[in-house]
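A structural walkthrough
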Amino acid sequence: MRPSLIRSRLKQDQAVRIACMYYANTMMPAHAANAGYDAIWLDTEHNTWDRHELQRMIAMHHLANIDCIVRTGSRNPTDLYHLLEDGAAGLMIPLVNTPEDAAALASAVKYPPIGQRGLDGASLDNDFYLHGTATYTAEANKETFLIVQIETPESLSNIEAIAATPGVDGLFIGPGDLSLRLECELDWTHPKMAAAQDAVAAAAAKNNIAWGHPAGTPEQIAAMAKKGARLIACGSDFGAIFAAMPNFAKTLDEGLK
């Protein structure tokens, strides 16, 4: 089984550098790995991905030796562990509000004794059964991970119990959804957002698991890292296009004057 870069960096108490991919782009894993990223999260919550497209994209991550996190809105156990069988290093699940939600997810994606994930072992994650399954389930529990998203006041009220759920490996704040539901600006200096960040940081530290959220500036990254955040997302295919296209258009306009 391919060792997880995220797991390795967290063991060393180092930050995990994550980019986001909205749409299938086979060159992005190689370019992200070359730029020093540890992982890309594929956003299948808000975008449509064909199953075979996902399989191909996850395989491209293996070729580039970069972790692939799939963010999915599915709660179906078979759907979830299919993604791990296809080679995803981890799953990010949105809108996890209760410890019961977290426990059901952990049961779906972890093998016994932690959960009840179904065993096959003939897919990419286990090298297509080339070495059998004697050590596979233990390695899968060790190298894959479950990240739950904290995005509602309800999840904040349950944050300590969610963080303490066996099988939950990380907490990730969804700032857009959280600020919407807290009825405040998406601003980490806003008292409600700052309090939410502090609550997640404290719960993660108490239970020795990772936490983080997207960040857009060096100042935001430094501030969250100072509070112990290790899952730090910055950059995306959407962001690259959004930022680059106006500059390309400006170049064209200057050349055509």
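What comes next concerns the included structure. From a predicted model like this one, the values you see are computed outputs, not experimental measurements. (Residues numbered from 1 in each chain as written. Predicted model: local features only at pLDDT ≥ 70, side-chain atom pairs only at ≥ 80, totals over all residues. Heavy atoms only, no water.)

So, on to the side chain of Ser-179. Structurally, Ser-179 is set in helix 9 (residues 175-182). Within the local environment of Ser-179, its side chain forms a polar contact with the backbone oxygen of Pro-175, the two atoms lying 2.8 Å apart. Every residue in contact with Ser-179, bar those within four places of it in the chain, is listed here: Cys-184, Glu-185, Leu-186 and Met-193. (Helix = DSSP H or I, 4+ residues; strand = E, 2+ residues; numbered from the N terminus. Polar contact = N/O pair within 3.5 Å; in protein donor to acceptor, adjacent residues only side chain to side chain. Contact = heavy atoms within 4.5 Å.)

Bringing the nonpolar core into the picture now. In terms of nonpolar packing, the biggest core is built from 51 residues, with Leu-42, Leu-171 and Trp-211 touching the most fellow members. Leaving out residues up to four positions away in the same chain, Trp-211 has contacts with Leu-171, Ile-173, Gln-197, Val-200, Ala-201, Ala-204, Met-224, Lys-227, Gly-228, Ala-229, Arg-230 and Leu-231. In this structure, Ala-39, Ile-69, Met-92 and Phe-145 belong to the second largest nonpolar core, which totals 15 residues. (Core = buried A, V, L, I, M, F, W, Y, C linked by side-chain atoms within 4.5 Å. Buried < 20%, exposed > 50% of the residue type's maximum accessible area, 1.4 Å probe, protein only.)

Looking at the element boundaries, Ile-159 is found in helix 8 (residues 159-163). Under the relative-accessibility criterion, Ile-159 is labelled buried at 5%. With 42 residues separating them in the primary sequence, Ile-159 and Ala-201 have C-alpha atoms 9.9 Å apart. Among all residues touching Ile-159, those that are not within four sequence positions of it are Ile-150, Leu-171, Ala-199, Val-200 and Ala-203.

Another point: the packing of aromatic side chains. Within a pair of aromatic rings, the relevant descriptors are the distance that separates the centres and the angle that separates the planes. A complete count under the given rule lists five aromatic pairs for this structure. A centroid spacing of 5.5 Å and a plane angle of 65 degrees characterise the contact between Tyr-111 and Tyr-136, whose relative ring orientation is edge-to-face. Of this pair, Tyr-111 sits in the loop between helix 5 (99-109) and helix 6 (136-143) while Tyr-136 sits in helix 6, and the two are 25 residues apart along the sequence. Accessibility assignment for this pair places Tyr-111 and Tyr-136 in one class, buried. (Phe/Tyr/Trp six-rings, centres within 6.5 Å; stacked < 30°, edge-to-face > 60°.)

Residue Pro-113 follows Pro-112 across a cis peptide bond; omega there is 15 degrees. Take Pro-113: it is sitting in the loop between helix 5 and helix 6. One non-glycine residue, Asp-13, adopts positive backbone phi at about 55 degrees. Secondary-structure assignment places Asp-13 in the loop between helix 1 (5-11) and strand 1 (16-21). By relative accessible area, which is 53% here, Asp-13 ends up exposed. In the Ramachandran plot, Phe-128 falls in the positive-phi region, its phi being about 55 degrees despite a non-glycine side chain. If you trace the backbone, Phe-128 turns up in the loop between helix 5 and helix 6. Residue Phe-128 is classed as exposed on the basis of its relative accessible area of 54%.

Turning our attention to the pairing of strand 7 (residues 210-214). The buried fraction of strand 7 amounts to four of the five residues, a majority that puts the element mostly inside the structure. Examined bridge by bridge, strand 7 and strand 8 (residues 231-236) share three bridges and lie parallel to one another. Each residue of the ladder has a partner; that of His-213, found in strand 8, is Ile-232. Taken together, strand 7, helix 11 (residues 218-226) and strand 8 form a β-α-β motif whose crossover is right-handed. (Pairing = 2+ DSSP bridges. Right-handed = clockwise from strand over helix to strand, strands pointing away.)

Moving on, we come to the sheet that holds strand 7. Reading around the barrel, the eight strands line up as 1-2-3-4-5-6-7-8 and close back on themselves, with parallel pairing between neighbours. Direction aside, the axes of adjacent strands within the sheet are offset by 25 degrees on average. Across three bridges, the pairing between strand 3 (residues 67-71) and strand 4 (residues 90-93) is parallel. Across the sheet, residue Ile-69 finds its bridge partner in strand 4, namely Gly-90. Contacting strand 1 and strand 8, helix 12 (residues 237-255) crosses the sheet at an angle of about 45 degrees to strand 8. (Axes fitted to C-alpha atoms, helices over the stretch in contact; angles between N-to-C directions.)

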